[in-house]
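For reference, the chains in residue letters:
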Amino acid sequence: MAELTASAGSGVPHIREHYMDLIRRKRMYGGLTLAIFTLLMVSGFVLADSRNAGGFWDGILNVFDFPHQVLSEAWEKIDLLPAHLVHFFPALIETINIAAVSTLIGAMLGLVLSLLSTRGLARFPRLIPLFRRSMDIMRAIPEIVIALVLIFVLGGGPVPAMIAIALHTTGALGKLFSEVNENASLKPVEGLQSVGATWFQRMWLGVIPQVAPNYLSYALLRFEINIRASAILGFVGAGGIGYELKNAMSWGQGKFDEAAAIFILLFGAIVLFDQLSSYYRHRLTSGGAA
Amino acid sequence: MLLRVENVTKMFGQKAAVDNATFNVEKSAMIGIIGRSGAGKSTFLRMMNRLTDASSGEIKFDGHNILDLKGGDKRAWQSDCAMIFQQFNLVPRMDVVSNVLHGTLNRRSTLATMFNLFPQDDIHRAIDILDRLGIAEQAPKRAEALSGGQQQRVAIARALMQDPKIILADEPIASLDPMNAQVVMDALRRIHEEDGRMVIANLHTLDTARRYCDRVIGMRDGRIVFDGTPDQLTTGAARDIYGADASFSEEATSTSIETLDTAEYVTA
């Protein structure tokens, strides 16, 4: 009770003044930041527009011309659409296969790298920076660059695309996994260490069971992204549905009906896997119970 | 009749968490609800604040059924019916005064909230309330930097900032040590006596309920099994509420310092 009544009123005006000063300063900084941000955005847009070759405001009006032509051409040959869908389906499977294999390989490599680069868990604490930088590099190089180099070396086909996506996935998932590892409790690891378990045993029994749901959730998210990536890599000759799309999409060949069929397949597949993975991710993160 | 609770029921699947609860409150009072974990105490308070929807029944405050309210009316009721939580439920990374000012959010626009623009009068009032609870010196600190007892007093200050008609406290002292528990309970009692606000508190410990409340309601398995003054709450009645046998002793689980003293005195 003493604490409740003892505080004299004399301190309050001082505290008020002090706090108002604090608020005024915070508001001033906030206002300044907002003003600078607005200024930068406006000037940036103006500059970008002035450097734009065709002019943003002229081009924006023509933005629907291309879809319009594709759609009208596809509409004329609508009767061919089912045949096209059947024809291009194997290419879609190839694309999804590339994504699945590369996600699997990337996740496994990422798991190992993430454990090696998490403070408190690492097998060789001194080498943490090495593993971290190697993941940074894998993440930093775009898939399309790796794929182009590998296609040059190995020739076109799904294998270069698979390697390229797997490398990128390793770097990306390794980073996400190691963030998950940092939040894992070290108590079970310590418990296993106290009974004389090896590093591998500690990781396998002490860490993996804790982090597996989050790992899986991130891997599913990555699988979605990789389907899109593997479709895009088809454009540079890595096979799959992207390659077919590139052939059909060129102007003036009259193959826009094929392009429309490929779009439908690709769009359908991406929506399907999006929904599937978000359903399973939701189940994993909300405790697993259906 | 100030508050009339009629046949309030909450079902979770097949199980009734609160089963046909009925009681009346004539005029402002400090009411303690006791019962073991899972008896439905928290669920009942959460239904009063409309954090949880009731399955059936009516809660009438000043003649209005507050379980029917929707949208803006519901939020206006929540602003009139402050809630204090066991784990304080403050925003940890914001300063103490901002946390207290959150009590006025029902009257603030989204834009003012986004830029943290609160009127100077409100800021001064927030600091006055903190001073009343003895923690004005903590005003500019982050809420997470405070001790549990101080955080709970910030939560009470947020409740007072709402200028509520009722204060609901869900096990307000269950996470606190005995000393801080007393400070927090004293503060709640003082708010009831000085401001005349109704306080309904879920309590874990019988001696706290006896010492601070004008009326005690006992719940067991979702039903109200006891409703009376602290004097009527005998050890026998307590055993019924908690479903305990003859080995049940109040002193064994008591957290009040006085009880500890007497216990030591007896054994010494």
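Residues numbered from 1 in each chain as written. Chains lettered and ligands numbered in written order. Predicted model: local features only at pLDDT ≥ 70, side-chain atom pairs only at ≥ 80, totals over all residues.

K.L.:
Where do I start with the overall build of chain B in this structure?
P.N.:
Tallying secondary structure elements over chain B gives 11 helices and 10 strands in all. Viewed in the frame of its principal axes, chain B has a C-alpha envelope of about 60 × 50 × 35 Å. When the 268 residues of chain B are sorted by exposure, 41% land in the buried category. Once local pairs closer than 6 in sequence are excluded, the contacts in chain B between residues at least 24 apart make up 68%. (Helix = DSSP H or I, 4+ residues; strand = E, 2+ residues; numbered from the N terminus. Buried ≥ 20, exposed ≤ 12 C-beta atoms within 10 Å, placed from the backbone. Contact = placed C-beta atoms within 7 Å.)

K.L.:
What is the right way to read the overall build of chain A from this model?
P.N.:
Looking only at helices and strands, one finds 12 helices and 0 strands in chain A. The order of helices and strands in chain A, counted from the N terminus, is α-α-α-α-α-α-α-α-α-α-α-α. Summarising its shape, the C-alpha atoms of chain A cover approximately 90 × 60 × 40 Å along the three principal directions. Across the 290 residues that make up chain A, the buried fraction comes to 31%. Nonlocal contacts in chain A, meaning residues at least 24 apart in sequence, comprise 75% of its contacts between residues at least 6 apart.

K.L.:
Even after reading the chapter, I still don't get the sheet that holds strand S3 (residues 30-34) of chain B, so can you show me in this structure?
P.N.:
Through backbone hydrogen bonds, the strands of a sheet pair up, either in parallel or in antiparallel fashion. All names here are of chain B. Here we have 6 strands laid out as an open sheet, ordered S6-S7-S8-S3-S9-S10, and mixed in their pairing. Each of the sheet's edge strands pairs with one partner strand only, and the pair in question is strand S6 (81-84) and strand S10 (223-228). Neighbour-to-neighbour, the strand axes of this sheet turn through a mean angle of 20°, independent of strand direction. Pairing between S3 and strand S8 (residues 198-202): 4 bridges, direction parallel. Note on S8: the bridge partner recorded for Ile31 is Ile200. Each of S3, strand S9 (215-220) and S10 is contacted by helix H9 (residues 235-242), which is oriented at about 160° to S10, the strand it contacts most. (Pairing = 2+ DSSP bridges. Axes fitted to C-alpha atoms, helices over the stretch in contact; angles between N-to-C directions.)

K.L.:
Would you mind showing me how to read the sheet that holds strand S5 (residues 64-65) of chain B here?
P.N.:
All names here are of chain B. What the 4 strands build is an open sheet, ordered S2-S1-S4-S5; its pairing is antiparallel. Each edge of the open sheet is held by one strand with a lone partner, namely strand S2 (15-25) and S5. Inspection of the sheet shows strand S1 (residues 3-12) paired to S2 by 7 bridges, in the antiparallel sense. Bridge assignment links Lys10 to a residue of S2, and that residue is Val18.

K.L.:
What's the story with the nonpolar core in this structure? I'm lost.
P.N.:
Grouped burial of nonpolar side chains is what soluble globular proteins tend to show. Residues B:Val100, B:Leu130 and B:Leu168 are the most contacted members of the largest nonpolar core, which totals 77 residues. In this structure, A:Leu121, A:Ile241, A:Leu245 and A:Ile262 belong to the second largest nonpolar core, which totals 53 residues. (Core = buried A, V, L, I, M, F, W, Y, C linked by C-beta atoms within 7 Å.)

K.L.:
So what exactly am I meant to see when it comes to the environment of B:Asn7 here?
P.N.:
All names here are of chain B. Examined against the element boundaries, Asn7 turns out to sit in strand S1. Separated by 52 residues in sequence, Asn7 and Ile59 place their C-alpha atoms 8.7 Å apart. When sequence neighbours within four positions are dropped, the list of residues in contact with Asn7 reads Asn20, Thr22, Ser56 and Gly57.

K.L.:
Hey, could you run me through the interface of chain B and chain A in this one?
P.N.:
Reports often express the size of an interface as the amount of accessible area lost when the parts come together. Listed by partner, the interface residues are 16 residues for chain B and 14 residues for chain A. Listed by contribution, the elements that provide at least two residues to the side of chain B that touches chain A are helix H5 (120-132) and helix H7 (178-195) of chain B. The element that contributes the greatest number of residues to the side of chain B that touches chain A is H5(B), accounting for 5 residues. Looking at the side of chain B that touches chain A residue by residue, the class counts come to 10 nonpolar, 2 polar and 4 charged. (Nonpolar A, V, L, I, M, F, W, Y, C, P; charged D, E, K, R; others polar.)

K.L.:
Mind showing me how you'd approach the confidence of the model for chain A here?
P.N.:
Within chain A, residue pLDDT values average 85, and 92% of them lie at 70 or more. No element of chain A has a lower mean pLDDT than helix H1 (residues 2-6) of chain A, at 44, and none a higher one than helix H6 (residues 128-140) of chain A, at 94. (pLDDT = per-residue confidence, 0-100.)

K.L.:
Could you clarify how one ought to interpret the packing of H5(B) against helix H6 (residues 148-161) of chain B in this entry?
P.N.:
What describes two packed helices is the angle between their axes and the distance between those same axes. Residues and elements named next belong to chain B. Contact geometry for H5 and H6: axes closest at 9 Å, N-to-C directions at 130°. Taken together, the axis directions place H5 and H6 in an arrangement best described as oblique. For the pair H5 and H6, the crossing hand works out as right-handed. Between H5 and H6, the contacting residues are Ala126, Ile129 and Leu130 on the first element and Ala157, Leu160 and Met161 on the second. (Parallel < 35°, antiparallel > 145°, perpendicular 65-115°, else oblique. Left-handed = near helix turned anticlockwise from the far one by under 90°.)

K.L.:
Even after reading the chapter, I still don't get unusual backbone geometry, so can you show me in this structure?
P.N.:
Leaving glycine aside, a negative phi is the common case for residues, and trans is the common case for peptide bonds. Residues and elements named next belong to chain B. Phi angles above zero are rare outside glycine, and Asp62 is one such case at about 55°. Within the secondary structure layout, Asp62 lies in the loop between strand S4 (56-61) and S5. Look at Phe88: it is not a glycine, yet its phi comes out positive at around 70°. Mapping Phe88 onto the fold places it in the loop between S6 and helix H3 (96-101). The exposure class assigned to Phe88 is buried, which follows from the 23 C-beta atoms found within 10 Å.

K.L.:
Can you help me understand the pairing of S4(B) in this one?
P.N.:
Consecutive side chains along a regular strand alternate between the two faces of the sheet. Residue and element names in this part refer to chain B. Pairing of S1 with S4, which is carried by 5 bridges, proceeds in the antiparallel orientation. Directly across from Arg4, in S4, lies its bridge partner Lys60. Sheet topology note: the S4/S5 ladder contains 2 bridges and is antiparallel. Among the inter-strand pairings, Phe61 is bridged to a residue of S5, identified as His64.

K.L.:
How should I be thinking about the environment of B:Val225 in this particular structure?
P.N.:
Residue and element names in this part refer to chain B. Structurally, Val225 can be placed in strand S10. For the pair Val225 and Ala21, spaced 204 residues apart in sequence, the C-alpha to C-alpha distance is 9.7 Å. The residues touching Val225, leaving out its near neighbours within four places in the chain, are Gly218, Met219, Arg220, Asp240 and Ile241.

K.L.:
Got a minute to help me understand the packing of H6(B) against H7(B) in this structure?
P.N.:
All names here are of chain B. Running from N to C, H6 and H7 cross one another at 15°; their axes reach a closest spacing of 9 Å. Here H7 runs roughly parallel to H6, going by the angle between their axes. In this structure, the crossing between H6 and H7 has a hand that is right-handed. Contacts between H6 and H7 involve Gly148, Gly149, Gln152, Arg153, Ile156 and Leu160 from the first element and Asn180, Val183, Val184, Ala187, Leu188 and Ile191 from the second. Residue composition of the contact of H6 with H7, by class: 7 nonpolar, 4 polar and 1 charged.

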